[in-house]
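So the chains spell out like this:
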Amino acid sequence: MMRPRTQYERWRRLRTAVTGPGGRDALALLAGIALVAAFAPFDGWPLAVLAPAALFLLWRGCSRGRAAWRGWLFGVGLWGAGVYWIYYSLHLFGAAIAPLAGALTVLFVLALALIPCALGALVARGDVEDRGAVWLLLVVPGAWLVVEWVRSWLLTGFPWLLLGTSQVETWLAGYAPVFGVYGMSLAVAVTAGALALAVIGRWRERALALAVTALIWGGGAMLSGIPWSRAGEFPFDAALVQGNIDQARKFATLERALARYERLTREAADEAELVVWPETAVATFYEREAERLNAFARAMRRRDTAVVTGVFTRGRDGRRYYNAVRPLGVNREAYHKQRLVPFGEYMPLRGALEFLERYIRIPMSDIAAGSRGQPALAVDDIRLGASVCYEAAYPAVMRRMAARSNVLVNVSNDAWFGDSTAPHQHLQIARLRARETARPMLRATNTGISAIIDHRGRIVSRGPAFAVTVVEGRVEPRAGLTPYVRMGDGPAVGAGFLLALLPALTGAWRRRRSAG
C-alpha cells in the first residue's frame, strides 16, 4: 500500500526540482546549449526561436539578480558549446600548454557569458505583472538586438553566433538584403517573444502573438522573391585551390606548399579564368618569392588565367607588415586585413599581457591593421571585394567592400579550428554576407570548407574538409546595391534601441503630459 505513495513522493520531488529555482537555472543553461544547434553544422534553425523563448520565460518570473544569473548560465551554455574550438587554436597550433589553453578558453567563455547576464539584469525591471505582451514582443527583443550589436564591436568585437545567422535558409533571410543580420536577429527575437507570449497569455494575447509571427515571417517570404541586384557583364569560371597544408608545419614547408598550389592551378587553368588560393597560401612575404610568383603569373596569363592569393606583404615604411590578399604579378595592389584576431595576429593590451607571448607562439603574430577605405582588387573586368578569414563575420566590413565590387572573395585558414564546428559556422556566416550584399562570394580555405556561393547565399559548389581539392564553378558578377549596402545597420539597430527604451520613453511622455 505504501508503494504508490512512494512513487508519488518521488514524482513530486522531481517536479519540485525541475520547476523550482534551481531547476529553472539548469533550464537556462540547457537553453544556451540548445541554441548552438540552431547553427551549422546542425542547422536546427527552430531552436533559434525556442531557446530564447525559454530564456524569456525564465526571466519573466524572477528578480533582477536571478535574471542576471540565468542570463549568465545561458551564456555559459551558448559559448561553452559554441566556441570550444578556441582551445584547439591555442593548444594544438598556438603551442600553448594544455592547462593554459584550457584556462584561457574558459575565461573567454565566462567573459562572453557576462553579455546575456547584463541583458537579464537590464530587462528584469518592475513587477512581474508588467512583463506581458509589450515586454515580450518589444522590450526584450529590442534589448537582445542592442546587446548583439554591442558585442560585434566592443573590444574589437566578436560577431559570432548572431541569432539571425541561423536563418540563412528560412524566409527570414528575405530581410538580409534590406536590414542585414541584425534585422534578422530582431525578427527571430520578436518571434521568440511571441512564442513565449502564446505560452503564458490569454486567448487575445495568443491571437496577437500569432498575428505578429505571421506578419514577420510573411514579410520575409515576400522580400525573398526580390533579386536586389542585377546580373553584370562577363560571367567567368573560377577555381578555388584548397591545398590542405598541415597547420603545424605550414611555415616550415613553403616550397612543398607552393609546388602544390602551382600544380593544382596549372590543372585548373584550362577551364578557370580566375584561380584563388587561401589565406597565407604563400606563408612568407610576397617580396621574398616575388621572382617566382611573378613568373608564374606571366605563365598563367598566357593561358588567360589570373591568380589571387593570400600572402604577407610589407608596408611602404618597411617596418609594418600585413595579412593580405593580392593578385600575382608585378605592381599589383593588395588588400590588407582590417580586423585582426587578438593574440593570433596582435597582442591586445600589450603592456599588461606581453608575458603571454612566452606561452603562446604563433608565427607572424604582430600584424598591422589595414585601413577602412581600401579599394576593390581589379582583375580584368572583375572587381573583387576582398576579406581575410573571420572578417567575413563583420557585416560592416563586407558591406563597405561590396559597395566597391561585383564579386566578394574571402580567403581563410580554418585549419586553426581543427576538426570542429567552427569551419561550418564560418561558411554559414559567409553565405549570409553574400545574401546581404547580393554579391557572389568565392571562399578559398586551406583545409576547408572552400565554396562558391551565389548572390542569394546558396552554395554553387563546395569541397570536402581536410582534403586536397579544387572547387570549380561559374560565377556571375552582380551590379546594383541592396538597401542594406546603402543604409547599413542603422535602421535595424535604431529599431532595437527604440524598442528596448520604449518603457522609458513612454514613461517620460506620460510624466511630461501629466505635468503639463
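Residues numbered from 1 in each chain as written. Predicted model: local features only at pLDDT ≥ 70, side-chain atom pairs only at ≥ 80, totals over all residues. Heavy atoms only, no water.

1. Side note on the packing of aromatic side chains
Here is step 1: Tallying each qualifying case throughout the model produces 20 aromatic pairs.
Here is step 2: On the basis of an interplanar angle of 40° and a centroid distance of 5.7 Å, the ring pair of Trp45 and Trp217 is categorised as tilted. One end of the pair, Trp45, is in the loop between helix H2 (21-36) and helix H3 (47-60); the other, Trp217, is in helix H10 (residues 203-224), and 172 residues separate them in sequence.
Here is step 3: Trp45 gets classed as partly exposed once you look at its relative accessible area, which sits at 35%.
Here is step 4: Accessibility expressed as a relative area gives 14% for Trp217, which makes it buried.
Here is step 5: When the ring of Phe108 is compared with that of Phe158, the centres are 5.3 Å apart and the planes differ by 85°; the resulting orientation is edge-to-face. You can see Phe108 sitting in helix H6 (residues 98-112) and its partner Phe158 sitting in the loop between helix H8 (133-151) and helix H9 (176-200), a full 50 residues away along the chain. (Phe/Tyr/Trp six-rings, centres within 6.5 Å; stacked < 30°, edge-to-face > 60°. Helix = DSSP H or I, 4+ residues; strand = E, 2+ residues; numbered from the N terminus. Buried < 20%, exposed > 50% of the residue type's maximum accessible area, 1.4 Å probe, protein only.)

2. A short note on unusual backbone geometry
Here is step 1: That bond from Ala40 to Pro41 is cis: its omega, 5°, falls within 30 degrees of zero.
Here is step 2: With respect to the helices and strands, the residue Pro41 is situated in the loop between H2 and H3.
Here is step 3: Between Gly448 and Ile449 the backbone carries a cis peptide bond, its omega angle lying at 15°.
Here is step 4: Unusually for a residue other than glycine, Trp228 sits at a positive phi of about 70°.
Here is step 5: If you trace the backbone, Trp228 turns up in the loop between H10 and strand E1 (230-231).
Here is step 6: Phi at Asp304 is positive, roughly 60°, even though this residue is not glycine.
Here is step 7: Along the chain, Asp304 falls in the loop between helix H12 (290-301) and strand E5 (306-314).

3. Looking at empty space enclosed by the protein
Here is step 1: Summed over all chains, the structure comprises 2 cavities of 30 Å³ or more.
Here is step 2: In this structure, the largest cavity encloses a volume near 160 Å³.
Here is step 3: What lines the largest cavity is a set of 13 residues, and nearest its centre among them are Leu78, Pro116, Trp144, Glu148 and Arg151.
Here is step 4: For the lining of the largest cavity, the secondary structure elements donating two or more residues are helix H4 (64-82), helix H7 (114-123) and H8.
Here is step 5: The element best represented in the lining of the largest cavity is H8, accounting for 4 residues.
Here is step 6: Tallied by class, the residues present in the lining of the largest cavity amount to 11 nonpolar, no polar and 2 charged.
Here is step 7: Approximately 30 Å³ is the volume attributed to the second largest cavity.
Here is step 8: Forming the boundary of the second largest cavity are Pro177, Ile226, Pro227, Trp228, Arg435, Ala438, His455 and Arg456. (1 Å grid on protein atoms, 1.4 Å probe; cavity = no way out; pocket = protein on both sides within 12 Å on 5 of 7 lines; lining within 4 Å. Points joined across faces, edges and corners; volume = space filled by probe spheres on them. Nonpolar A, V, L, I, M, F, W, Y, C, P; charged D, E, K, R; others polar.)

4. So, the environment of Arg433
Here is step 1: Structurally, Arg433 can be placed in helix H15 (residues 422-437).
Here is step 2: In sequence terms Arg433 and Met398 are 35 residues apart; their C-alpha atoms lie 6.9 Å from each other.
Here is step 3: Setting aside its immediate chain neighbours within four residues, Arg433 contacts Val181, Ala392, Ala393, Tyr394, Pro395, Met398, Leu408 and Met441.
Here is step 4: A polar contact is formed between the side chain of Arg433 and the backbone oxygen of Ala392, at a distance of 3.0 Å.
Here is step 5: Looking at Arg433, its side chain comes within polar contact range of the side chain of Glu436, at 2.7 Å. (Contact = heavy atoms within 4.5 Å. Polar contact = N/O pair within 3.5 Å; in protein donor to acceptor, adjacent residues only side chain to side chain.)

5. Digging into the pattern of salt bridges
Here is step 1: This structure, assessed with the given rule, holds 14 salt bridges.
Here is step 2: Among the ionic pairs, Arg263 bridges to Glu267, the shortest N-O distance being 3.5 Å. Of the two residues, Arg263 and Glu267 both sit in helix H11 (residues 254-268), 4 residues apart, roughly one turn of that helix.
Here is step 3: Accessibility expressed as a relative area gives 40% for Arg263, which makes it partly exposed.
Here is step 4: Look at Glu267 and you get exposed, because its relative accessible area is 51%.
Here is step 5: For Asp380, the salt bridge is made with Arg301, and the minimal N-O distance between the two is 3.0 Å. (Salt bridge = Lys/Arg side-chain N within 4 Å of Asp/Glu carboxyl O.)

6. What to know about the sheet that holds strand E13 (residues 459-462)
Here is step 1: Spatially, 6 strands are ordered E8-E9-E10-E11-E12-E13 in an open sheet, and the strand pairing comes out mixed. Bordering the open sheet on either side are strand E8 (377-379) and E13, each of which pairs with just one other strand. Taken over all neighbouring pairs, the strand axes of this sheet differ in orientation by 20° on average, direction set aside.
Here is step 2: Running at roughly 160° to strand E11 (residues 441-445), H15 makes contact with strand E10 (407-412), E11, strand E12 (451-453) and E13 of the sheet. (Pairing = 2+ DSSP bridges. Axes fitted to C-alpha atoms, helices over the stretch in contact; angles between N-to-C directions.)

7. Points about the layout of surface pockets
Here is step 1: In this structure, the second largest pocket encloses a volume near 550 Å³.
Here is step 2: In terms of lining residues, the second largest pocket is bounded by 24 residues, among which Arg314, Arg316, Glu333, Ala334 and His336 are the most central.

8. Concerning a nonpolar patch on the surface
Here is step 1: Nonpolar side chains collect at one region of the surface, where Leu27, Leu29, Leu30 and Ile33 lie side by side and expose about 310 Å² of accessible area between them.
Here is step 2: With respect to the helices and strands, the residue Ile33 is situated in helix H2. (Patch = residues over 30% accessible without salt bridge, like charges linked within 9 Å, V, L, I, M, F, W, Y side chains within 5 Å. Areas by Shrake-Rupley, 256 points an atom, 1.4 Å probe, with all protein chains shown as cover.)

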